[in-house]
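Here's the letter readout for the chains.
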Amino acid sequence: MLTPLYDAVLLDRDGTLVEDVPYNGDPEKVRPLPGARAALDRLRAAGVRLAVVTNQSGLARGYFTERQMHAVHARIEELLGPFDHWAVCPHDDTDGCACRKPAPGLVHEAARALGTAPRRCVLVGDIGRDMAAALAAGATGILVPTPVTRPEEVAEAPAVARDLPGAVAEILRRARAVRPVVPRAGRAGTVLVVRSDSAGDVLVTGPGIRAVAAGAERVVLLCGPRGRAAAELLPGVDELIEWRLPWIDGSPEPVDPDDMRRLTARLAAVGADEAVVFTSFHQSPLPLALLLRMAGVPRVSAISDDYPGSLLDVRHRAPVGVPEPERALSLAAAAGFALPAGDEPVLRLRAGLPAPAVDLPAGGYVVVHPGSSVPARACPPERCTEIVAALAADGHRVLVTGGPGERELTARVAAAGGTDLGGTTDLAGLARIVAGARCLVVGNTGPAHLAAAVGTPVVSLFAPTVPFGQWGPYRVPTVRLGDAGAACRDTRAATCPVAGHPCLGGVDPAAVVAAVRRLAPG
Ligand SMILES: [Zn+2]
């Protein structure tokens with residue numbers, strides 16, 4: 001493991017490394033983009049391996065020969081230095097191959113050739129096809145737009161940098177952020193970790209909590225009632241405390257002074273040597289930090305843009321847009337904790353989850369989860385119904401899942417050709433159902449992160465109310481659908497502010513069928 005997050009950077013060729021000269025077979029016409037050589041050398045110096053992943057349909061169309069292409073590549077290496085692998089798709093769109101981007105084949109090939117996994121790769125490219133290929137393989141994508149990049153491709157991208165040097169700076173910054181600046185002298189005693197929100201929030205904090213657990217004798221997790229079921233699934237947690245925090249809860253009760261006194265006493269009873277308070281970027285850790293101080297916790301770490309005075313010992317800052325699991329890992333690192341070698345920075349669940357109470361079909365199935373804890377992030381029911389019908393017509397066994405409060409919804413959606421499992425399982429049971437699926441079709445809600453935690457590919461019907469790069473399924477093969485440029489973008493709205501819910505109402509069921517084929521071929 002050369003960096004904690006990545007082993008390799010995969011680079012698109014035309015428009016990313018060199019000027020895009022259409023169907024170029026002439027080495028004389030190779031022009032590197034500004035700063036490319038120095039940026040690549042920074043990655044080489046950091047021990048990151050490099051590969052080129054490039055669509056060259058000019059071969060299929062007879063515009064240049066393989067020999068001419070190799071001459072172009074030799075010239076690129078002369079100007080930009082050596083690459084550890086060249087992955088080339090020689091086909092065009094009519095061939096239906098598995099390698100032409102947006103298919104993920106070149107990413108798989110390059111990762112294999114470099115001796116790593118796609119999830120430990122970043123792909124830098126200038127168009128939407130590059131980003132789609134990266135996501136479909138479970139790799140990280142960074143878009144470096146050029147004048148030909150379409151605005152919707154920029155809106156959909158998981159991350160955007162100004163140019164290749166900017167992308168490289170971001171890759172190295174992310175890798176550095178999860179490494180403790182000051183490593184600990186020894187193990188910490190009891191550490192109180194906090195993540196007070198819904199299931200998805202708790203799941204994406206998992207890697208940060210595992211990092212703390214790796215360097216502590218004992219980990220106590222304070223969570224909210226809506227995150228309790230997810231907290232029970234996390235590895236590394238020795239004890240759970242469930243408490244509703246009125247400054248975090250989405251529909252908060254008034255602050256009850258007696259309740260706060262009881263919470264302070266409960267926190268004091270933990271006898272923690274320190275606390276690490278995980279939050280989302282719009283949440284404040286400071287009210288809890290005050291209670292932790294009153295409970296006598298001597299060291300408190302949190303991310304806070306607001307001035308914390310003496311409430312925090314470690315005041316960490318994290319830029320907006322970083323994937324939530326890495327944001328949590330960066331706070332753990334600031335507190336002196338890192339994932340041990342061998343523990344990948346991916347979402348994970350405890351081993352040995354109980355089997356669900358329902359019989360699962362053998363031979364493969366697709367799960368559609370139509371509900372969401374936040375209405376603005378749910379695909380409209382009539383659209384989910386059409387998606388189930390389209391998947392069934394394409395020959396899939398479709399299971400429709402949902403919580404106990406979503407039975408009416410799941411019954412309606414499943415009637416189009418699926419099996420209704422609404423309300424039949426708890427979160428652990430849902431995890432097992434999703435783990436057995438070829439693919440999960442779901443909005444930006446808890447089960448998407450559950451899928452990431454069990455390694456099941458996700459067709460993400462993603463309302464752009466929050467950044468995809470921050471909240472999209474982490475390090476698992478994904479296809480993003482939905483209008484990323486819709487008017488609800490970055491509003492964090494809980495209820496869609498736009499009539500007709502256009503960001504998800506316009507999802508084409510045929511696109512879902514195609515996405516399932518891309519993620520789970522055969
Ligand atoms: Zn191909």
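Sequence order sets the numbering: in each chain, residues are counted from 1 along the sequence as written. Local features in a predicted model are, by the rule used here, given only for residues with pLDDT of at least 70; side-chain atom pairs are given and counted only at 80 or more, and totals for whole chains, interfaces and linings are based on all residues. Excluding hydrogens and water, the side-chain values take into account all heavy atoms of the structure.

As a further point, take the domain arrangement of the protein chain. Either an automatic procedure or a domain database provided the assignment from which the domain bounds are taken. You can read the domains of the protein chain as domain 1 (8-178), domain 2 (188-335) and domain 3 (366-519). Taking only C-alpha atoms into account, the centre of domain 1 sits 39 Å from that of domain 2. Facing 4 residues of domain 1, the contacting portion of domain 2 comprises 8 residues. By definition, the buried area sums, over both parts, the 1.4 Å-probe accessible area that each loses when the two are put together. Both faces considered, domain 1 and domain 2 share a buried interface measuring about 470 Å² in area, 58% of it formed by carbon and sulfur atoms. For the domain 1 face of the interface with domain 2, the top three residues by lost area are R173, R174 and V178, together amounting to 78%. The rule for a salt bridge is simple: a side-chain nitrogen of Lys or Arg has to be within 4 Å of a carboxyl oxygen of Asp or Glu. Taken together, the connections running from domain 1 to domain 2 amount to 0 salt bridges. Looking at the side of domain 1 that touches domain 2 residue by residue, the class counts come to 2 nonpolar, no polar and 2 charged. Note on contacts: a residue pair is in contact if any heavy atoms of the two residues lie within 4.5 Å. The residue classification treats Ala, Val, Leu, Ile, Met, Phe, Trp, Tyr, Cys and Pro as nonpolar and Asp, Glu, Lys and Arg as charged. All others, Gly included, are polar.

With that out of the way, let us pick up the coordination of the zinc ion. Metal coordination here is assigned from N, O and S atoms located within 2.8 Å of the ion, or within 3.2 Å for Na, K and Ca; omission of water means that sites may look incomplete. For the zinc ion, every protein donor is listed as C89 (SG), H91 (ND1), C97 (SG) and C99 (SG), and the spread of their distances is 2.1 to 2.2 Å. Donor residues binding the zinc ion come from one chain and are separated in sequence as C-x1-H-x5-C-x1-C. Residue classification places C97 among the partly exposed residues on the basis of a relative accessible area of 22%. Relative accessibility under 20% of the residue-type maximum defines a buried residue, over 50% an exposed one, and the middle range a partly exposed one, all with a 1.4 Å probe and only protein chains included.

The subject of this paragraph is the pairing of strand β1 (residues 8-11). On β1, burial covers both faces: A8 and L10 on one face and V9 and L11 on the other are all buried. Two strands form a pair only when DSSP identifies at least two bridges running between them. Segments assigned H or I by DSSP are reported as helices when at least four residues long, segments assigned E as strands when at least two residues long, and all are numbered from the N terminus. For β1 and strand β4 (residues 121-125), the ladder comprises 4 bridges, and the chain directions are parallel. Paired with A8 across the bridge in β4 is C121. Bridge analysis of β1 against strand β2 (residues 49-55) gives 4 bridges, and the strand direction is parallel. Each bridged residue has a counterpart across the sheet, and for L10 the counterpart in β2 is A51. Looking down the strands as they point away from you, a crossover is right-handed if its path from the first strand over the helix to the second goes clockwise. With respect to chirality, the unit in which β1 leads through helix α1 (residues 36-45) into the neighbouring parallel β2 is right-handed.

Here the focus is empty space enclosed by the protein. Regions of empty space are outlined by a rolling probe, equal in size to a water molecule, passed over the atoms. Here a cavity means grid points, on a 1 Å grid over the protein atoms only, where a 1.4 Å probe fits yet cannot get out; a pocket means an open set of points with protein on both sides within 12 Å along at least five of seven lines; lining residues are those with an atom within 4 Å of a point. Grid points are joined across faces, edges and corners, and a volume is the space filled by probe spheres set on the points. All chains considered together, the criterion is met by 6 cavities of 30 Å³ or more. If you add up the space inside the largest cavity, you get close to 220 Å³. Lining the largest cavity are 17 residues, and of these L135, A139, T140, P473 and Y474 sit closest to its centre. Counting only elements with at least two residues in the lining of the largest cavity, the list comes to β5 (140-143) and α18 (468-471). Split into classes, the residues belonging to the lining of the largest cavity amount to 9 nonpolar, 6 polar and 2 charged. When residues of the lining of the largest cavity are sorted by domain, at least three fall in each of domain 1 (8-178) and domain 3 (366-519).

Right, let's talk about the packing of aromatic side chains for a bit. Two aromatic rings from Phe, Tyr or Trp, using only the six-membered ring of Trp, form a pair when their centres are within 6.5 Å; if the ring planes differ by under 30 degrees the pair is stacked, by over 60 it is edge-to-face, and anything between is tilted. Applying the stated criterion across every chain, the model contains 3 aromatic pairs. Taking the centre distance of 4.6 Å and the plane angle of 70 degrees together, the rings of Y23 and Y63 count as edge-to-face. Linking Y23 in the loop between β1 and α1 with Y63 in the loop between α2 (57-60) and α3 (66-80), this pair joins segments that are 40 residues apart in sequence. The class for Y23 is partly exposed, based on a relative accessible area of 37%. Geometrically, the ring pair formed by F462 and F468 is edge-to-face, given 4.9 Å between the ring centres and 85 degrees between the ring planes. Comparing F462 with F468 shows no difference in burial state: the two are buried. Geometrically, a charge over a ring is one whose NZ (Lys) or CZ (Arg) sits within 6 Å of the ring centre while staying within 35 degrees of the ring normal. One residue, R44, lies across the ring of F83, its end atom 5.6 Å from the ring centre.

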